2 protein chains.
Amino acid sequence: MLDDNYYMGLALEEAQKAYRMGEIPIGAVLVINDEVVAKAHNLRETCHDATAHAEVIVIQETCRKLKRWRLTGATLYVTIEPCPMCAGALVNSRVDRLVYGSADYKAGAVESLFNVVQNEALNHRMAVTAGVRGDECSALMKAFFRERRKKKTTNVD
Amino acid sequence: MLDDNYYMGLALEEAQKAYRMGEIPIGAVLVINDEVVAKAHNLRETCHDATAHAEVIVIQETCRKLKRWRLTGATLYVTIEPCPMCAGALVNSRVDRLVYGSADYKAGAVESLFNVVQNEALNHRMAVTAGVRGDECSALMKAFFRERRKKKTTNVD
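These figures come from a predicted structure and were not determined experimentally. (Residues numbered from 1 in each chain as written. Chains lettered and ligands numbered in written order. Predicted model: local features only at pLDDT ≥ 70, side-chain atom pairs only at ≥ 80, totals over all residues. Heavy atoms only, no water.)

For the pair chain B and chain A, the best superposition has an RMSD of 0.0 Å and corresponds to a rotation of 180° with a translation of 0.0 Å parallel to the axis. Given the turn and translation reported, the copies of this chain are related as if by a two-fold rotation axis. Every residue of chain B has its C-alpha some distance from the rotation axis, and the shortest such distance is that of Met85(B), at 1.9 Å. Interface overlap between copies is the fraction of interface residues in one copy that are interface residues in the other; for chain B against chain A it reaches 100%, indicating a shared surface. (Least-squares fit on C-alpha atoms with pLDDT ≥ 70 in both. Contact = heavy atoms within 4.5 Å.)

Structure below.
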């Protein structure tokens with residue numbers, strides 16, 4: 001059985017792909033029975049689609065592959081704390097477990113702004129493990145935004 | 001200029017299509033400059049996709065049509081208060097205004113469990129009008145679940 005660090009490594013590879021494309025570097029992997037069913041990275045700019053976050057893409061791909069919308073038995077790995085849309089998609093698809101790297105204090109919907117995935121009022125809750133390879137996940141985000149600010153400053157000069 | 005009652009009527013027609021397919025009867029319409037850009041209804045069961053809610057489908061379709069993820073100028077009409085996933089998708093796509101019919105006290109993320117679409121901490125907020133043709137929207141839901149319970153009871157007998 002492979003461990004959380006291993007699967008988060010795959011999510012980090014996805015995040016790096018996004019980085020190289022100029023997309024906010026977030027990657028996700030969906031695992032069922034120790035098998036990777038889907039891997040994806042943020043594609044908002046490339047696809048001109050506000051819903052094309054890594055988590056939504058792996059959920060949609062898994063639903064398509066398995067021909068079922070209840071992803072019972074699934075663990076979703078993602079480098080950054082999910083936003084409300086993605087946290088809601090995790091609840092709607094009945095994912096069993098969420099593992100993420102680093103918190104998103106501005107928009108996170110697990111520990112930062114809301115807790116959508118473990119809300120007693122909703123009809124599904126999941127196990128959560130936070131902080132897996134968190135330093136690497138947040139370092140990638142920081143590098144991306146540092147570079148983007150630098151480019152913007154250069155353009156102004 | 002057509003009014004909210006008119007566009008909600010189109011969303012109700014979509015919800016009725018879902019009803020006839022055995023899908024939870026929720027419909028949505030996305031309008032920009034008094035023009036309907038996309039119409040959709042819930043397709044979770046048909047598409048085996050937990051993200052195939054009416055709101056997500058109209059947002060994705062509009063992004064695809066306009067080739068942009070920022071749906072500035074858009075008003076989204078939906079028969080039932082959006083869930084966390086859909087409310088998050090509305091924020092992520094920068095929709096200007098949300099109009100819905102009836103509240104969803106079990107999973108709504110506008111007035112019931114959370115307020116995702118007008119949260120000061122998030123980087124986008126929108127105008128909200130609730131209760132447009134709300135009785136018709138909720139009557140459709142009630143009829144659907146009543147019928148489903150009846151079928152289940154019949155099957156058990």
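The subject of this paragraph is the sheet that holds strand E3 (residues 74-80) of chain A. All names here are of chain A. Spatially, the five strands line up as an open sheet ordered E2-E1-E3-E4-E5, and their pairing is mixed. Across the chains shown, the open sheet's two edge strands, defined by having one partner strand only, are strand E2 (35-41) and strand E5 (127-130). Direction aside, neighbouring strands of the sheet carry axes that sit 15° apart on average. Summarising the sheet, strand E1 (residues 27-32) and E3 pair through five bridges and their orientation is antiparallel. In the strand pairing of E3, Ala-28 is matched with Val-78. (Pairing = 2+ DSSP bridges. Helix = DSSP H or I, 4+ residues; strand = E, 2+ residues; numbered from the N terminus. Axes fitted to C-alpha atoms, helices over the stretch in contact; angles between N-to-C directions.)

Below, the discussion takes up the sheet that holds strand E2 (residues 35-41) of chain B. All names here are of chain B. Read across the sheet, five strands follow the order E2-E1-E3-E4-E5 without closing on themselves; strand pairing throughout is mixed. Looking along the sheet, the strands with just one partner apiece sit at the ends: E2 and strand E5 (127-130). When the angles between neighbouring strand axes are averaged without regard to direction, this sheet yields 15°. Sheet topology places strand E4 (residues 97-102) next to E5; four bridges connect them, and they run parallel. From the neighbouring strand, Leu-98 faces E5, where its bridge partner is Val-128. Where helix H3 (residues 54-66) meets the sheet, its contacts fall on strand E1 (27-32), E2 and strand E3 (74-80), and the angle it forms with E2 comes to roughly 140°.

Once that is clear, we can look at the packing of aromatic side chains. Counted according to the given criterion, the structure contains nine aromatic pairs over all chains. Ring plane angle 75° and centroid distance 5.7 Å describe the contact between Tyr19(B) and Phe144(B), whose orientation is recorded as edge-to-face. Of this pair, Tyr19(B) sits in helix H1 (residues 4-20) while Phe144(B) sits in helix H5 (residues 134-156), and the two are 125 residues apart along the sequence. Through pairs of rings, three or more aromatic residues link up here, namely Tyr6(A), Tyr7(A) and Tyr77(A). One cation-aromatic arrangement involves Arg44(A) over Trp69(B); the distance from NZ or CZ to the ring centre is 3.7 Å. (Phe/Tyr/Trp six-rings, centres within 6.5 Å; stacked < 30°, edge-to-face > 60°. Lys NZ or Arg CZ within 6 Å of the ring centre and 35° of its normal.)

It is worth spelling out the nonpolar core at this point. The tendency in soluble globular proteins is for nonpolar side chains to be buried side by side. Membership of the largest hydrophobic core comes to 108 residues, with the highest contact counts inside it found for Leu30(A), Leu76(A), Leu30(B), Leu76(B) and Leu98(B). Here Leu98(B) is in contact with Leu76(B), Val78(B), Pro82(B), Leu90(B), Val110(B), Val117(B), Met126(B), Ala127(B), Val128(B) and Thr129(B), once residues within four sequence places are set aside. (Core = buried A, V, L, I, M, F, W, Y, C linked by side-chain atoms within 4.5 Å. Buried < 20%, exposed > 50% of the residue type's maximum accessible area, 1.4 Å probe, protein only.)

Here, UniProt's "domain: CMP/dCMP-type deaminase" (unreviewed entry) annotation points to residues 2-111 of chain A. Secondary structure across residues 2-111 of chain A comprises 39% helix and 24% strand; the distance between its end C-alpha atoms is 26 Å. (UniProt positions renumbered as here; feature names shortened; annotations may be inferred.)

This brings us to the UniProt feature "active site" (unreviewed entry) in chain A. Per the UniProt annotation, the sites labelled "active site" (unreviewed entry) are Glu55(A). Turning to its location among the elements, Glu55(A) is positioned in helix H3 (residues 54-66).

We now examine helix H4 (residues 84-92) of chain B. The element H4(B) is largely enclosed, with a buried count of nine among its nine residues. Count one or two residues on from H4(B) and you reach Arg94(B), which has phi positive near 60°.

Turning our eyes to something else, we now look at the interface of chain B and chain A. Counting residues at the interface gives 30 residues for chain B, matched by 30 residues for chain A. On inspection of chain B and its partner chain A, the count reaches zero salt bridges. Between chain B and chain A we count six residue pairs in polar contact (both at pLDDT 80 or more) in total. Looking at which element gives the most residues to the side of chain B that touches chain A, the answer is H4(B), with five residues. (Salt bridge = Lys/Arg side-chain N within 4 Å of Asp/Glu carboxyl O. Polar contact = N/O pair within 3.5 Å; in protein donor to acceptor, adjacent residues only side chain to side chain.)

Moving on, we come to the state of the cysteines. By definition, a disulfide links the sulfur atoms of two cysteines through a covalent bond. Residues and elements named next belong to chain B. In total, this model carries zero disulfides over all chains according to the counting rule given. The thiol of Cys-86 is not disulfide-bonded; the next cysteine sulfur, from Cys-83, is found 3.9 Å away. Using a relative accessible area of 0% as the deciding quantity, one classes Cys-86 as buried. We note that Cys-137 lacks a disulfide partner, and the nearest cysteine sulfur, in Cys-86, lies 15 Å from it. Exposure remark for Cys-137: the relative accessible area of 0% places this residue in the buried category. (Disulfide = S-S within 2.5 Å.)

For any two helices packed against each other, the geometry is given by the interaxial angle and the distance between the axes. Residue and element names in this part refer to chain A. In contact at an axis separation of 9 Å, H3 and helix H4 (residues 84-92) are set at 25° when each is read in the N-to-C sense. Relative to H4, the element H3 lies roughly parallel. Along this stretch, H3 crosses H4, giving a crossing that reads as left-handed. For the pair H3 and H4, the contacting residues are Glu-55, Val-56 and Ile-59 in the first and Met-85, Cys-86, Ala-89 and Leu-90 in the second. Here the contact of H3 with H4 is built from residues that sort into six nonpolar, no polar and one charged. (Parallel < 35°, antiparallel > 145°, perpendicular 65-115°, else oblique. Left-handed = near helix turned anticlockwise from the far one by under 90°. Nonpolar A, V, L, I, M, F, W, Y, C, P; charged D, E, K, R; others polar.)

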